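Understanding the architecture of this molecule
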Amino acid sequence: GNSVTQMEGPVTLSEEAFLTINCTYTATGYPSLFWYVQYPGEGLQLLLKATKADDKGSNKGFEATYRKETTSFHLEKGSVQVSDSAVYFCALLNTGGFKTIFGAGTRLFVKA
Amino acid sequence: SAVISQKPSRDICQRGTSLTIQCQVDSQVTMMFWYRQQPGQSLTLIATANQGSEATYESGFVIDKFPISRPNLTFSTLTVSNMSPEDSSIYLCSVEDDRGGYNEQFFGPGTRLTVL
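1. What to know about the sheet that holds strand S1 (residues 4–7) of chain B
Residue and element names in this part refer to chain B. An order of S1-S3-S8-S7 is seen for the four strands of this open sheet, with the pairing classed as antiparallel. Each edge of the sheet is formed by a strand with only one pairing partner; in this case those strands are S1 and strand S7 (68–72). Neighbouring strand axes in the sheet, compared pairwise and without regard to direction, differ in orientation by 15° on average. Two elements, S7 and strand S8 (residues 75–80), share three bridges in a ladder whose sense is antiparallel. Residue Asn-72 lies in a different strand from S8, and its bridge partner there is Phe-75.

Right, dumping it as structure tokens:
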């Protein structure tokens, strides 16, 4: 079946540090991959997406590359800010499917 | 992209009562979904709602507890019945859109429910 595994949190970083949140997936077919972000007290927002192998999604300084050979979609940011403190969810939506599968979420704390 | 609104945005309810959450989409969509996000947890799909047919519930969720209506292609409601504190969660409406040439799912802002 389809599944998403992401690194456990919380992750605590100082401002301007480099961020990596690992995400791997299991899927049949050719899924689309997503990172969603949930800021404190808010709903879910799409952060970035990639729809095929080797695509790189990017937004707000975050980026993730769809790696089919390693079934991974790791989220990275070169220099985090306090305002990036949130919960980040990796997710997949399989071809022809209609149920987005979410990872467990990784909470990020950024200290000033 | 689809724009989704939900009402209410948050509510505090008493045990044993019911709350109906509304979801409105700015375009016609075939499939709408309801998710629950319990405190500190990931999202769990409650059910899929197609217009003109009964909702399809995921394991662990039943129609008596979470009745869903889908009267047209832009609107759906989820009722949380006979609430208990364990129902305190964020409830999210979602739609699937493939107009960009690939499947993408959009989420409403969520309804934050607290049951006392």
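2. Examining the interface of chain A and chain B
On the side of chain B, 21 residues touch chain A, which itself brings 23 residues to the contact. Of the roughly 1,600 Å² buried where chain A meets chain B, counting both sides, 53% is carbon and sulfur surface. Linking chain A with chain B are zero salt bridges. On the surface where chain A and chain B come into contact, there are two residue pairs in polar contact (both at pLDDT 80 or more).

About the thresholds
In every chain, residue numbers begin from 1 and rise along the written sequence. Chains carry letters from A onward and ligands carry numbers from 1 onward, assigned in written order. Thresholds applied to this predicted model are a pLDDT of at least 70 for local features of residues and 80 or more for the giving and counting of side-chain atom pairs; totals over whole chains, interfaces and linings are not thresholded and use all residues. Think of the side-chain values as coming from all heavy atoms in the structure, minus any hydrogens and water. Between any two strands, at least two bridges found by DSSP are needed for them to pair. Helix and strand assignments come from DSSP, with helices taken as H or I runs of at least 4 residues and strands as E runs of at least 2, each series counted from the N terminus. The convention used is that axes are lines fitted to C-alpha atoms, helices contributing only their stretch in contact, and that angles between N-to-C directions extend from 0 to 180 degrees. Should any heavy atoms of two residues lie within 4.5 Å, those residues are counted as being in contact. Buried area, as used here, totals the accessible surface that two parts lose on assembly, with accessibility defined by a 1.4 Å probe and the loss added over both. For this document, the term salt bridge refers to a Lys or Arg side-chain nitrogen within 4 Å of an Asp or Glu carboxyl oxygen. We define a polar contact as two N or O atoms separated by no more than 3.5 Å, with the added condition that, inside protein, one atom must be a possible hydrogen donor and the other a possible acceptor, whereas residues neighbouring each other in sequence contribute only through side-chain atom pairs.

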